[in-house]
Amino acid sequence: MPPDLPSLLLRLVVLLLLSQAEARSFVVDREHDRFLLDGVPFRYVSGSLHYFRVPRVLWADRLLKMQLSGLNAVQFYVPWNYHEPEPGIYNFNGSRDLIAFLNEAAKVNLLVILRPGPYICAEWEMGGLPSWLLRNPNIHLRTSDPAFLEAVDSWFKVLLPKIYPFLYHNGGNIISIQVENEYGSYKACDFKYMRHLAGLFRALLGDKILLFTTDGPHGLRCGSLQGLYTTIDFGPADNVTRIFSLLREYEPHGPLVNSEYYTGWLDYWGQNHSTRSSPAVAQGLEKMLKLGASVNMYMFHGGTNFGYWNGADEKGRFLPITTSYDYDAPISEAGDPTPKLFAIRNVISKFQEIPLGPLPPPSPKMKFGPLTMSLDGNLLSFLDFLCPQGPIHSVLPLTFEAVKLDHGFMLYRTYLTSPVLEPTPFWVPNNGIHDRAYVMVDGVLKGVLERSLKQELYLTGTVGTRLDILLENMGRLSFGSNHSDFKGLLEAPLLGQTILTEWMMFPLKVDKLVKWWFPLQLMKRALPQASSVPAFYSAKFPVFGLLGDTFLYLPGWTKGQVWINGFNLGRYWTMRGPQQTLYVPRLLLFGRSINKITLLELENVPHNPQVQFLDKPILNSTLHWGYNFLLSETQGSFEPMELSGH
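As recorded by an unreviewed UniProt entry, the chain carries the name Galactosidase, beta 1-like and is attributed to Mus spicilegus. The record held by UniProt for the chain lists under Sequence similarities (unreviewed entry) the comment "Belongs to the glycosyl hydrolase 35 family."

A. Layout of the UniProt feature "domain: Glycoside hydrolase 35 catalytic" (unreviewed entry) in the chain. The UniProt record annotates "domain: Glycoside hydrolase 35 catalytic" (unreviewed entry) at residues 35–350. Along residues 35–350 the backbone is 30% helical and 18% strand, and the end-to-end C-alpha distance reaches 20 Å.

B. Molecular detail of the packing of aromatic side chains. By the definition in use, this model includes 41 aromatic pairs. A ring pair is formed by Tyr 262 and Trp 265, whose centres lie 5.1 Å apart and whose planes are at 90°; its orientation type is edge-to-face. The exposure classification of Tyr 262 matches that of Trp 265, with both residues buried. Aromatic side chains Phe 382 and Phe 536 sit 5.8 Å apart centroid to centroid with 80° between the ring planes, which places their arrangement in the edge-to-face category. Taken as a pair, Phe 382 in the loop between strand S15 (374–378) and helix H11 (383–386) and Phe 536 in strand S28 (residues 535–541) lie far apart in primary sequence, 154 residues in all. Phe 382 sits in the buried class, given a relative accessible area of 0%. On the basis of relative accessibility, which here comes to 0%, the residue Phe 536 falls in the buried class. These aromatic residues form a ring-pair network of at least three members: Trp 80, Tyr 90, Phe 92, Trp 132, Phe 148, Trp 155, Tyr 183, Tyr 186 and Tyr 193. Over the aromatic face of Tyr 82 sits the side chain of Arg 96, whose NZ or CZ is 4.0 Å from the ring centroid. Above the face of the Trp 573 ring, Lys 559 is positioned so that its terminal group lies 4.7 Å from the ring centre.

C. The arrangement of the packing of helix H5 (residues 146–163) against helix H6 (residues 191–205) in detail. Where H5 contacts H6, the two axes come as close as 10 Å, and the packing angle between them is 30°. Considered as vectors, H5 and H6 are oriented roughly parallel to each other. Both H5 and H6 take part in a crossing whose hand is right-handed. On H6, the residues that touch Phe 148, Leu 149, Val 152, Asp 153, Phe 156, Lys 157, Leu 160 and Ile 163 of H5 are Tyr 193, His 196, Leu 197, Leu 200, Phe 201, Leu 204 and Leu 205. Considered class by class, the residues forming the contact of H5 with H6 number 12 nonpolar, one polar and two charged.

Quick notes on the rules
- Residues numbered from 1 in each chain as written.
- Predicted model: local features only at pLDDT ≥ 70, side-chain atom pairs only at ≥ 80, totals over all residues.
- Heavy atoms only, no water.
- UniProt positions renumbered as here; feature names shortened; annotations may be inferred.
- Helix = DSSP H or I, 4+ residues; strand = E, 2+ residues; numbered from the N terminus.
- Phe/Tyr/Trp six-rings, centres within 6.5 Å; stacked < 30°, edge-to-face > 60°.
- Buried < 20%, exposed > 50% of the residue type's maximum accessible area, 1.4 Å probe, protein only.
- Lys NZ or Arg CZ within 6 Å of the ring centre and 35° of its normal.
- Axes fitted to C-alpha atoms, helices over the stretch in contact; angles between N-to-C directions.
- Parallel < 35°, antiparallel > 145°, perpendicular 65-115°, else oblique.
- Left-handed = near helix turned anticlockwise from the far one by under 90°.
- Contact = heavy atoms within 4.5 Å.
- Nonpolar A, V, L, I, M, F, W, Y, C, P; charged D, E, K, R; others polar.

See the structure below:
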């Protein structure tokens, strides 16, 4: 063999690989109104799945079920605030490992439609924007404000190079990337901002990747941009032909694309559970596929807003979103196929081959209990552990953002400097409670005040009476033309006409208390005194037999937060609904040791303080209103909302 033959063969292999890589392409064929994948006509039938709403160990299961349903792509957002909790500090570990999720999608041959924002909506806290942006109170979000662009540029210079190797033409599975999200629904209509983003994406990702925008039918004017492919979103109740004709005004040639075809809808606390009928969803999908359109179904699997990650809307009043993001999607919150999935799969089979064989059966479920919850102590009695660094002092109250608190709870404390002998109205002007205030006088809960609701609360006290206000952040606004959503007391409270001053702010580390300090400190504490909410309750329990998914049911409890073995499961609001159970993946439970459940009940404890674990969810209970709502003058505002975007 000639001595240079091995090197020659190596060069030939390299050239062959390079030629194959160059052959990989995903482009728009405007002449024939279609996509081309590697030069071959292609149409994607995709579904949305959010890795940040599904525990990492379940990603493979959910993606496989999507592929077996006949999908050839998965679409997902990247929430900026999930990955950059503090400026310049990044987290891509564990369930935040975006690259691992891309690899899991590749294993089941799913292409990827990526939506990195910077704003994503997604009913996610602050639409994915990090709340630390609001530490600059004058910032103009989603505009060409230099302060906002500087933060965006810094973030994308970290994120986009990470995904660059996974672009389709580089050998990966990302075929297209969305720039911003439904920008036409935002008040700014700042084309300079959109052009800046488009230029940034091109500079960091190159010219070969397909960049696109998505808007509702009425957002195309401000949301579309020359050089970015325009797509639209709408649901099964909309007229397919009419809406696609609106899209043609902005994208006369190329494939028709519905980037968000709604299989269900989100839930707000205080409204009925949203559903979309399987026949309607299937019929709308078939109409679009007959037109040759590419479709992404939002959502195909919804997942869960664990912890404090839910967003909120403002439509006449503040509407926080539930912990469950089941969405009435084809794959349920617990990952099970639904009749809607099979109806969709049947439609897809008319247009392209679907994988042979059945879908995996529903995962094992279990039920047990009831468990009796024991009082650990009142929240105020743990203040030294909840805020070990001590309070922040200020003449006027400060917001969460001003004290660098992102989520959860903050306690505001002051003392009366003059006697108030007659019941006197306590109030905060200009709707300045964001979002829910639990008002205590000398440690006794006197009532609750809520954002956007007109309520009356009367207090008395003597000189030196302690006034505590526990402020709960219920999730920052996530959709559309909403303004910057600061949390906490935005105005100084008044008692009668007297402005209350000299405040102490205690940013509370509730999750750390539950996970780390409780096991140490409770062993040293005396038995807790009689209950006075807000208070912590807990129970320990074994799980016998085969572990399964389950659903925590809290009959008679009012509102609060739940932890299982230190993991923040999310909010419950049993007395408002519609969600009555919280999804507990089996991976959170220990099969061979003792488990612990902890509740922070904020308002009212049932006479029989028990919880149960069920084998089926309850997401659509009849509503029950607490005393605070009965004081409201806006009872008529709880009505079905028009569809917004995502």
